[in-house]
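Chain by chain, the residues:
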Amino acid sequence: MSGLIRYEWLRLTTIRSTWIMLATPIVLTAVVGWLFGYFSDSLDPGGDGATVSFGLLISASPVMTLAAVFLSVVFAQSIGQEYRHGLIRVTLTQFPHRSRVLVVKIVMMGILMLVMAVIVVAVLWGAAIVGIAPTGGSIQYVAAIDNPLIVRALLYVLIFTMIAFAITMITRIIQLGIILPIVLALLVEPIVRVIVLIATMGGGGGGQPDISSEPLILRLLPFTSGQSALATTGDPWQGLMVFAIWCALLLIPGWILFVRRDA
Amino acid sequence: MTIEAVGLSKRYGSVLAVDALTFTVPRGVVTGFLGPNGAGKSTAMRLMLDLDRGEGRTAFDGKLLKEHRHASRVVGAHLDAKVFHPQRTARNHLRMVGSDAGISNARVDEVLNLVGLDSVARKRPKTFSLGMSQRLALAGAVLADPMCLMLDEPANGLDPQSIQWLREFLRHYASQGRSVLVSSHLLSEMQLMADRIVVIAKGKLITDGTVEEFVSMSTRNDVLVRCDRPDALVELLRAEGVTAVAEGPDGLAVIGESTDRVGEAAFRAGVVVRELVSRRASLEEAFLELTSDAQGFAAGGQL
């Protein structure tokens, strides 16, 4: 198993694109965090004017989704590049136990995704503090609200990136693994949501959706559910659960195909 | 270490690409793996390594590859030249490939030097020629000093000097008691390189034996006799049930007989023999003859 871990680590760290994809969300988070801090007055008009809750920053800013998108490239590449460049045959000749290969990939990449998500949250916090400082404001951290929100945010990133991995594993096409979640999350599902809400004469609010009171079909959309995990109202854990179930539904056939298909 | 492939079969839809293939790759010799295009050589190699899902079993010293503790110490495979990430340097590629066996960086450098890629070790292989890519793939296969080598068309894209080097390298590798299975279309090269051959066509085994045994199956093995009265000789030979075909104004090609027998027949026929020579088919001639009905993808256009 140690050889497989070393193999995966070298595969990951010896190409430039990995580092670019890991650094990009950190840089973007720093910029977005600073902007949110700097323009905090307009962000939190109902507050005391100078104090912004950290939870709102995670919930209302796009950083977690942005991070998930970039990190999903790294996760998807972990299997997609193997097929794209034929390395899968080298890998499976050296490590013929296919399920072990997958376990190591998923565990190592999962840990990396969580570590990166923690870094993104930390950078968001730091950048927001730096951004808000000139305005004389401050970032408020309410442990009872923000601790579970951060946990959900980390899990959201992990599940999002794992979905990209699972799609790549099923299709063996790295571009699909990367693009399909983005298209679904940012284009298809918002359109479906608007259509359904119009049809049911409801109203879609801004920010992260509170889907707990919405029609069942909206509560079952994977990425809408996932994004609801970043909300501070409703039942965000339920959304996260739906997101995780979608991930499992993709991961299981991906796993079976990986083990049974020709390399 | 001996490789034993038993009952390998693989079907793509209605096409049976590999059909109950059974053969052995013994230790200590280079075994050539021959077959026309589409014969199923590459598929068979992938089946042997459990990369493709099919039927059959391949044992490496009696055990499946996955039953060995370090597969990379058992078999080194080179199935395709362009198997690397174009952005990962050649050295890092080999460091990664050597992970299972815990290969040191010094060994990586040694192998890069062995295949003549030391000067481009830190270059990204996206600009490598086919020959350089073949060398990198070969380096990956031999990196962990495995007991078996399985190489699919390793000589493609190599210049004559490199092919000669490859031949000597593989023969030396096998002479250390290891098993080497090499597929190639370069039959003249294979005749020099391989001690044994496994020939397949349309997924089925044609022969599994020495090059000599295979060549002896060809009808192109004959005896040429040139004499003053070929008509008299051919009459006598045909009376004895021997096949003889006229060749030139005074020659006969006698099939399936030794020079001794033909010489004795000429003596009995009372002809003056001017030339008597045994002719052996080349591996290429034997291959073309014995697989002529089994071309998976034959060129049929008229030039």
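Here, the structure is the one placed above.
Residue numbers run consecutively from 1 along every chain, following the written order of its sequence. Note on labels: chains are lettered from A, ligands numbered from 1, in written order. Under the rules for a predicted model, residues below a pLDDT of 70 receive no local features and side-chain atom pairs below 80 are neither given nor counted, while totals for whole chains, interfaces and linings still include all residues. No hydrogens and no water enter the side-chain calculation; it runs on all heavy atoms of the structure.

Engineer: Describe the overall build of chain B, naming the residues involved and giving the relevant values.
Structural biologist: Here a helix means four or more residues in a row that DSSP labels H or I, a strand means two or more in a row labelled E, and each is numbered from the N terminus. For chain B, the count of helices and strands is 11 helices and 13 strands. Principal axes of the C-alpha set define a box for chain B whose edges measure 75 × 45 × 40 Å. For chain B, the proportion of its 303 residues judged to be buried stands at 50%. Within chain B, contacts between residues at least 6 apart in sequence are counted, and of these 70% link residues at least 24 apart. Note that accessible areas follow from Shrake-Rupley with a 1.4 Å probe, and for residues the cover is restricted to the protein chains shown. Put simply, chain B shows about 13600 Å² of open surface, and 49% of that area lies on carbon and sulfur atoms. The convention is simple: Lys and Arg are positive, Asp and Glu are negative, and His and the chain ends are not counted. Each charge is placed at NZ for Lys, CZ for Arg, CG for Asp and CD for Glu. If the 36 positive side-chain charges of chain B are averaged to one point and the 37 negative ones to another, these points end up 10 Å apart. A 1.4 Å probe rolled over the protein chains alone gives each residue an accessible area, and that area as a share of the maximum for its type sets the label: buried under 20%, exposed over 50%, partly exposed in between. It only takes one pair of heavy atoms within 4.5 Å for two residues to be counted as in contact.

Engineer: Outline the overall build of chain A, supporting the account with residue identities and numerical values.
Structural biologist: Check the secondary structure of chain A and you find 12 helices and 2 strands. The linear arrangement of helices and strands in chain A, starting from the amino end, is α-α-α-β-α-α-α-α-β-α-α-α-α-α. Radius of gyration (C-alpha) of chain A: 20 Å, near the 18 Å computed for a compact globule of 263 residues. Taken over the C-alpha atoms alone, chain A extends approximately 60 × 45 × 30 Å along its principal axes. Sorting the 263 residues of chain A into buried and exposed places 52% on the buried side. Of the contacts made within chain A by residues no fewer than 6 positions apart, 75% connect residues no fewer than 24 positions apart. Carbon and sulfur atoms provide 73% of the accessible area of chain A, an area that totals close to 10900 Å². Here the radius of gyration uses the C-alpha set of atoms, whereas the globule reference equals 2.2 Å times the residue count to the power 0.38.

Engineer: Help me get a handle on the sheet that holds strand β8 (residues 196-201) of chain B, residues and values and all.
Structural biologist: Residues and elements named next belong to chain B. DSSP-based pairing: two strands are paired if at least 2 bridges between them are found. Across the sheet, 6 strands lie side by side as β5-β6-β7-β3-β8-β9; this open sheet has mixed pairing. Sheet topology places β5 (75-78) and β9 (204-210) at the edges, where each strand pairs with a single neighbour. This sheet shows a mean twist of 15° between the axes of neighbouring strands, independent of strand direction. As paired elements, strand β3 (residues 30-34) and β8 share 4 bridges and run parallel to each other. Looking at the pairing, Gly32 lines up with Ile197 of β8. Packing against the sheet, helix α5 (residues 130-142) makes contact with β5 and β6 (148-152), and its axis sits at approximately 165° to β5. To get an axis, fit a line to the C-alpha atoms, keeping to the stretch in contact for a helix; angles then go from 0 to 180 degrees between the N-to-C directions.

Engineer: Any details on empty space enclosed by the protein? Residues and values, ideally.
Structural biologist: All names here are of chain B. Within this scheme a cavity is a closed region of a 1 Å grid, computed over the protein atoms alone, that accommodates a 1.4 Å probe without allowing it to escape, whereas a pocket is open but has protein on both sides within 12 Å along at least five of seven lines; lining residues each have an atom within 4 Å of a point. Grid points are joined across faces, edges and corners, and a volume is the space filled by probe spheres set on the points. This model, assessed by the stated rule, comprises 3 cavities of 30 Å³ or more. By volume, the largest cavity is sized at about 50 Å³. The wall of the largest cavity is formed by His78, Gln134, Arg135, Leu138, Pro154, Leu158, Ser162, Trp165 and Leu166. Contributing elements (two or more residues each) for the lining of the largest cavity: α5 and α6 (160-175). Side-chain classes are defined by residue name, with Ala, Val, Leu, Ile, Met, Phe, Trp, Tyr, Cys and Pro counting as nonpolar, Asp, Glu, Lys and Arg as charged, and the others, Gly among them, as polar. For the lining of the largest cavity, the residue count by class is 5 nonpolar, 3 polar and 1 charged. Taken as a whole, the second largest cavity spans an internal volume of roughly 40 Å³. For the second largest cavity, the full set of lining residues is Pro154, Ala155, Leu166, Val182, Ser183, Ser184, Leu186, Glu189, Met190 and Met193.

Engineer: Please set out the interface of chain A and chain B residue by residue, giving values where relevant.
Structural biologist: At the interface, 26 residues of chain A touch 32 residues of chain B. When the two sides are added together, the surface that chain A and chain B hide from each other amounts to roughly 2500 Å², 56% of it contributed by carbon and sulfur. The term salt bridge refers to a pairing of a side-chain nitrogen on Lys or Arg with a carboxyl oxygen on Asp or Glu at a separation within 4 Å. Seen at the junction of chain A and chain B, the total is 1 salt bridge. Here Lys10(B) ties to Asp262(A) by a salt bridge, and the two come within 2.8 Å at their closest N and O atoms. Polar contacts here mean pairs of N or O atoms no more than 3.5 Å apart (in protein, one a potential hydrogen donor and the other a potential acceptor; neighbouring residues in sequence count only if both atoms are side-chain atoms). The tally of links between chain A and chain B comes to 13 residue pairs in polar contact (both at pLDDT 80 or more). Every element with two or more residues in the side of chain A that touches chain B is listed here: α1 (2-13), α6 (87-94) and α12 (236-260) of chain A. The element contributing the most residues to the side of chain A that touches chain B is α6(A), with 6 residues. Of the residues in the side of chain A that touches chain B, the class split is 10 nonpolar, 8 polar and 8 charged. Two parts placed together each lose some accessible area under a 1.4 Å probe, and the buried area is that loss summed for both.

Engineer: I'd love a proper account of helix α2 (residues 16-38) of chain A, names of residues and values included.
Structural biologist: If you check α2(A), its first and last C-alpha atoms are 33 Å apart, about what 23 residues at 1.5 Å a residue would give, namely 33 Å. All of the buried residues in α2(A) are Thr18(A), Met21(A), Leu22(A), Pro25(A), Thr29(A), Val32(A), Gly33(A) and Gly37(A). Helix span, as expected, comes to 1.5 Å for every residue beyond the first.

Engineer: Hey, could you go over the pattern of salt bridges for me, with residue numbers and the actual values?
Structural biologist: A complete count under the given rule lists 22 salt bridges over all chains for this structure. The shortest N-O distance in the salt bridge between Glu8(A) and Arg11(A) comes to 2.7 Å. Taken together, the residues span about one helical turn, with Glu8(A) and Arg11(A) both in helix α1 at a distance of 3 residues. Note on Arg11(A): relative accessible area 4%, which makes it buried. For Asp208(B), the salt bridge is made with Arg196(B), and the minimal N-O distance between the two is 2.9 Å. Of the two residues, Asp208(B) is situated in strand β9 and Arg196(B) in strand β8; the sequence distance between them amounts to 12 residues.

Engineer: I'd like a description of the side chain of Ser61(A), backed by residues and values.
Structural biologist: Counting through the fold element by element, Ser61(A) comes out in the loop between α4 (54-60) and α5 (63-84). Within the structure, Ser61(A) has its side chain in polar contact with the backbone oxygen of Leu57(A) (distance 2.5 Å).

Engineer: If you had to explain a nonpolar patch on the surface to someone new, which residues and values would you point to?
Structural biologist: Residues and elements named next belong to chain A. Candidate patch residues must exceed 30% relative accessible area and have no salt bridge, after which like charges are joined if within 9 Å and Val, Leu, Ile, Met, Phe, Trp or Tyr side chains if within 5 Å. Taken together, the side chains of Val27, Val31, Trp34, Leu35, Tyr38, Phe39 and Val130 define a hydrophobic patch exposed on the protein surface, amounting to about 630 Å² of accessible area. Sort the elements by how many residues they give to the nonpolar patch and α2 lands first, with 5 residues. Inspection of the secondary structure assignment puts Trp34 in helix α2. Overall, Trp34 belongs to the partly exposed group, its relative accessible area being 34%.

Keep in mind these numbers describe shape, not what the thing actually does.
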